[in-house]
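Chain by chain, the residues run as shown.
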Amino acid sequence: MGEAREHIAIRPPTPGSSSERAETPGSSDEVLSPLSPDIQPAENRPPSRRSTISDTPTACEAGMPSPPLSPQRWDTDMPMTAEPSPELPETVLEEDKGALATDPNASRPVEYLAPVGVGYVLRNRYKLRHYLSDDPDFLSKQITQIPAKNRVPSRPERVGDRWEPCIHPEGQLYFRYKSTRATYFTNAYLFDEAIFRDLNQAADLVDREIRAHEDLPREIEVGLETFIDHEGDKLACYYICDMEQEEVFWLTDCDIDNLVEDGQLPVLDWDHLKHAHTQWFWHHIQMFPNDRKCSEEKLKELRRIISYHLYDRETSRTSNAPYNADDLHRFGQILGDITIEDGCVSAYDLVTIARMKTILALEQLRHYHGTKWARLDSNKSVIRDMTLVVHTRSWWFTCASWLLFYTPSIYIKRLQEMWLDQKINHQPWRKFIAEIQEDWTASITPSTVILAANVGFLAIQSVDQGGQAAPDRTTGQILSYVSTLLSIGNIIACHILARQHRASSHLYSEDALNYLINRAKEHWQGELLAIVLSIPAAFFIWGLLAFSAAMLWLCLCHTSWVTKAVVSGIVFLSAFFIILVLRNGEWTMPAVVQSFPTQMKKLRKIPVRKLTAQSRKLSVPLRKWTGKLHRNRRPSAQEVVPLNAANEPQVQGTPSSPMSPS
């Protein structure tokens, strides 16, 4: 084994590698929210962590991401297989034959090992799909007749006496091969002759390297794919799962991007990185769930976690639970219906368990679970104490806030609480979207009422000057026109914004994150978004005020002093009560809550000797009071003890002293 390993060569990184990107200016671990006052420019932010793979398509596999860097090369003079290589499968589709003749790189052997993340294999499953074709040659091969007695060839149980086909509950066909040292899984379509040969070579390369390492875990599984890079070299892309420790590892040092794809998530603790291992391990289980075992204890633990998140969501305003109470309740019912018999579980149920495990592990990774930086409140940042940050607003935002009745300031504060550290708190965001949807919908009806009132107001004979057209309009007419236009603007803005913010468009955190990135990437864009969301409410309030001004003009212009006095009194009284309503919205912390930290600070400053002296002062009158009670109390007949029995042992049920309870 040692002689074989000497032939391995490491190819230098190609342009675009993670090692070069790590040296890019501005790749700091400290990331600010775009709504923070000191936001970084977009071009200076660190790139998003993905599997270190470029997007350059090849002639053989167009659209497939390029392979990871620093692969290991196996020289061609080495034996390519650790076991006898199986023959090519006999069940090869006719359209797949001839690939060796059309592709000049198809005949080249697999020469490199390339570590990839589980996410790379997972994304390729959904990205690289086979599609039907309307080509006449393709359509001519479709089945047109059914043989008598359904005597059709069945799919073989094994491909080349090695790979076993399996069907994922989602419908994906994948293949499994168990050697004496590891179990291999691949999403590649092995009924294709060229792909089958490449996967066998890749499996032999990985298996040979695994056998050379004697310190590997006892039970391991390998995810495997092949790739042809821009140089025409074939790579065996792999990752290895430790089934006992539930971790993902590789045979050589590799970049952290294979585990943590989010470039805005610095990892400073190995225990924190454990959550990433757990996340991708269960992603592997979710991709290949057939014929596995799951312990009852793991299922019970998952149920307990869901129950805890449900209780925490119901009792805490700033809970870190990944779902709302209704979703958690439904998930609890689904997990409660799963049954495990002798460790065996259905592939459908295992996908449910694995996906939930993946989501929970990802949330723990994002919230720094189990570290000193753990996020305990969903509206708090793990980077800095946001209560100490002074949020400076631009002058135009301040002016717009006053014109829009301070609504933009309320909205931007909500946005800052929901979008922290480039992460979106999805449940508060969904609640926020539902609230503004209700506000927009609720403002349409009163706007319609104001619109009808303006029409009726303009129909008054004293307002429209007897129905005669005049070039100059009265003040009441102008104000009514303004109110009418603002009401129409409110209705139009509500319909447009309601269509742009449908609840179905924000069901997932990725949708909410894309929404904010596209509309609030910079600090000024966040302020603009808050202003846009405030436009319907501003239209409604200004329209209502314009209509009120028109009514006041009608009541106060050219009217008697009695009318003016009564209307003015009602106006001032209404204004007073409206001010009281506005003051009711200015909540403050209760005095008890405010005084508690102050009392704690005072308690810490008191020396121990002062506490002892105070306790003595309190104990002296207490002893005097109890002694006085003892002297004034007359003993009962049962408590009288003869003198000759003073030294005798106490009888059960007899009090030992006059102060003892009877």
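Residues numbered from 1 in each chain as written. Predicted model: local features only at pLDDT ≥ 70, side-chain atom pairs only at ≥ 80, totals over all residues. Heavy atoms only, no water.

**Here we look at the overall build of the protein**
Selection rule: A run of DSSP states H or I qualifies as a helix once it reaches four residues; a run of E qualifies as a strand once it reaches two. Both are numbered from the N-terminal end. Remark: exposure states derive from per-residue accessible area (1.4 Å probe, protein chains only) relative to the maximum for the residue type, with buried under 20%, exposed over 50%, and partly exposed in between. Any pair of residues with heavy atoms lying within 4.5 Å of one another is described as a contacting pair. Per-residue and other accessible areas were derived by the Shrake-Rupley procedure at a 1.4 Å probe size, with only the shown protein chains allowed to occlude residues.
Check the secondary structure of the protein and you find 19 helices and 11 strands. Across the 662 residues in the protein, those meeting the buried criterion constitute 40%. Contacts in the protein between residues far apart in sequence, at least 24 positions, make up 71% of those at least 6 positions apart. Roughly 39300 Å² of accessible area belongs to the protein as shown, and the carbon and sulfur atoms make up 58% of that amount.

**Side note on the pattern of salt bridges**
Under the convention used in this document: Salt bridges are defined by distance alone: a side-chain nitrogen of Lys or Arg within 4 Å of a carboxyl oxygen of Asp or Glu.
Under the defined criterion, the tally for this structure stands at 18 salt bridges. Two residues, aspartate 233 and arginine 108, come together in a salt bridge whose shortest N-O distance is 2.9 Å. Within this pair, whereas aspartate 233 is found in the loop between β7 (220–228) and β8 (234–242), its partner arginine 108 is found in the loop between α3 (99–102) and β3 (110–115), the two being separated by 125 residues in sequence. Residue arginine 430 is joined to aspartate 327 by a salt bridge in which the shortest nitrogen-to-oxygen separation is 3.5 Å. Of this pair, arginine 430 sits in helix α13 (residues 426–458) while aspartate 327 sits in helix α9 (residues 325–336), and the two are 103 residues apart along the sequence. Exposure remark for arginine 430: the relative accessible area of 24% places this residue in the partly exposed category. Members of the salt-bridge network, linked through shared partners, are Glu164, Arg176 and Asp291.

**Overview of the packing of helix α8 (residues 296–315) against α9**
The axes of two packed helices give the description: the angle between them and the distance between them. Put simply, the rule is: Interaxial angles span 0 to 180 degrees and are taken between N-to-C directions of axes, which are lines fitted to C-alpha atoms, for helices over the stretch in contact. Relative orientations are named as follows: roughly parallel for angles under 35 degrees, roughly antiparallel for angles over 145 degrees, roughly perpendicular for angles from 65 to 115 degrees, and oblique for any other angle. For any helix crossing, the convention is left-handed if the near helix is rotated counterclockwise from the far helix by under a right angle, and right-handed if that rotation is clockwise. Nonpolar residues are Ala, Val, Leu, Ile, Met, Phe, Trp, Tyr, Cys and Pro. Charged residues are Asp, Glu, Lys and Arg, and all others, Gly as well, are polar.
The contact between α8 and α9 brings their axes to 9 Å, and the two run at 160°. One element, α8, and the other, α9, form an angle in the roughly antiparallel class. α9 is crossed by α8, and the crossing has left-handed handedness. In contact with Leu299, Leu302, Arg303, Ile306, His309, Leu310, Arg313 and Glu314 of α8, α9 contributes Ala325, Leu328, His329, Gly332, Leu335 and Gly336. Among the residues making up the contact of α8 with α9, the classes are represented as seven nonpolar, four polar and three charged.

**What to know about the pairing of strand β4 (residues 164–167)**
To keep things clear, this is the line we draw: Strand pairing is defined by DSSP finding a minimum of two bridges between the two strands.
The pairing of β4 with strand β5 (residues 173–178) spans four bridges and is classified as antiparallel. Residue pairing across strands places proline 165 opposite phenylalanine 175, the latter belonging to β5. Hairpin connection between β4 and β5: a loop of five residues separates the two successive antiparallel strands, and glycine 171 in this loop has a positive phi of roughly 115°.

**Some words on unusual backbone geometry**
Located in the positive-phi region is tyrosine 368, a residue other than glycine, with phi close to 55°. Assignment of secondary structure puts tyrosine 368 in the loop between α10 (347–366) and α11 (395–403). Phi angles above zero are rare outside glycine, and histidine 558 is one such case at about 60°. Tracing the chain through its elements places histidine 558 in the loop between α16 (523–556) and α17 (561–584).

**Concerning the nonpolar core**
Put simply, the rule reads: Residue types Ala, Val, Leu, Ile, Met, Phe, Trp, Tyr and Cys, when buried and joined through side-chain atoms within 4.5 Å, form a set referred to as a nonpolar core.
Judged by nonpolar contacts, the single largest core of 75 residues is most densely connected at Trp163, Tyr184, Ile210, Tyr238, Tyr239 and Val248. Each residue touching valine 248, except ones within four places of it in the same chain, is listed here: Val118, Tyr239, Ile240, Cys241, Leu259, His277, Trp280 and Phe281. If you look at the next biggest cluster of nonpolar residues, it comprises 25 residues, including Phe397, Trp419, Trp429 and Ala520.

**With respect to the packing of aromatic side chains**
Counted only if it meets this: Working definition: a ring pair exists when centres of Phe, Tyr or Trp rings (six-membered ring for Trp) sit within 6.5 Å. Plane angles under 30 degrees give stacked, over 60 give edge-to-face, the rest tilted.
Summed over all chains, the structure comprises 15 aromatic pairs. Measuring from centroid to centroid gives 6.4 Å for tyrosine 174 and phenylalanine 185, while their planes differ by 45°, and the two rings are tilted. Placement of the pair is tyrosine 174 in strand β5 and phenylalanine 185 in strand β6 (residues 183–186), with a sequence separation of 11 residues. Of the residues examined, tyrosine 174 reaches a relative accessible area of 0% and is grouped as buried.

**Quick look at the packing of α11 against helix α12 (residues 407–418)**
Where α11 meets α12, the closest approach of the two axes is 6 Å, and the angle between their N-to-C directions is 120°. Looking at the two axes, α11 sits oblique to α12. Taken together, the residues of α12 that come into contact with α11 (itself represented by Phe397, Ala400 and Ser401) are Thr407, Pro408, Ser409 and Ile412. Of the residues belonging to the contact of α11 with α12, the class tally is four nonpolar, three polar and no charged.

**Some details on a nonpolar patch on the surface**
Definition in use: Residues form patches when they are more than 30% accessible in relative terms and have no salt bridge. Like charges link within 9 Å. Nonpolar side chains (Val, Leu, Ile, Met, Phe, Trp, Tyr) link within 5 Å.
Taken together, Leu403, Phe405, Trp542 and Leu545 make up a surface patch of nonpolar side chains, about 370 Å² in accessible area. By the secondary structure assignment, phenylalanine 405 is in the loop between α11 and α12. Since its relative accessible area comes to 32%, phenylalanine 405 is described here as partly exposed.

**Some points on the environment of tyrosine 238**
Here tyrosine 238 is to be found in strand β8. With 120 residues separating them in the primary sequence, tyrosine 238 and valine 118 have C-alpha atoms 8.6 Å apart. The contacts of tyrosine 238, once residues within four sequence positions are left out, are Leu113, Ala114, Pro115, Val116, Val206, Val222, Gly223, Leu224, Trp250, Leu251 and Thr252.

**Structural notes on the pairing of β8**
Judged by how many residues are buried, β8 sits mostly within the fold: nine of nine residues are covered. Burial along β8 is two-sided: the face carrying Lys234, Ala236, Tyr238, Ile240 and Asp242 and the face carrying Leu235, Cys237, Tyr239 and Cys241 are both buried. Bridge analysis of β3 against β8 gives five bridges, and the strand direction is parallel. Counted as the bridge partner of proline 115 is tyrosine 238 from β8. The pairing of β7 with β8 spans nine bridges and is classified as antiparallel. Bridged to valine 222 within β8 is isoleucine 240.

**Observations regarding the side chain of serine 401**
Heads up, the condition is: Polar contact is defined as a pair of N or O atoms within 3.5 Å, subject to the rule that within protein one atom must be able to donate a hydrogen and the other to accept it, and that residues adjacent in sequence are counted only when both atoms are side-chain atoms.
Here serine 401 lies in helix α11. Classification of serine 401 by relative accessible area gives buried; the value is 2%. Engagement of the side chain of serine 401 in a polar contact is seen with the side chain of serine 409, the distance being 3.2 Å. If we ignore the near neighbours within four places in the chain, the residues touching serine 401 are Tyr406, Thr407, Pro408 and Ser409.

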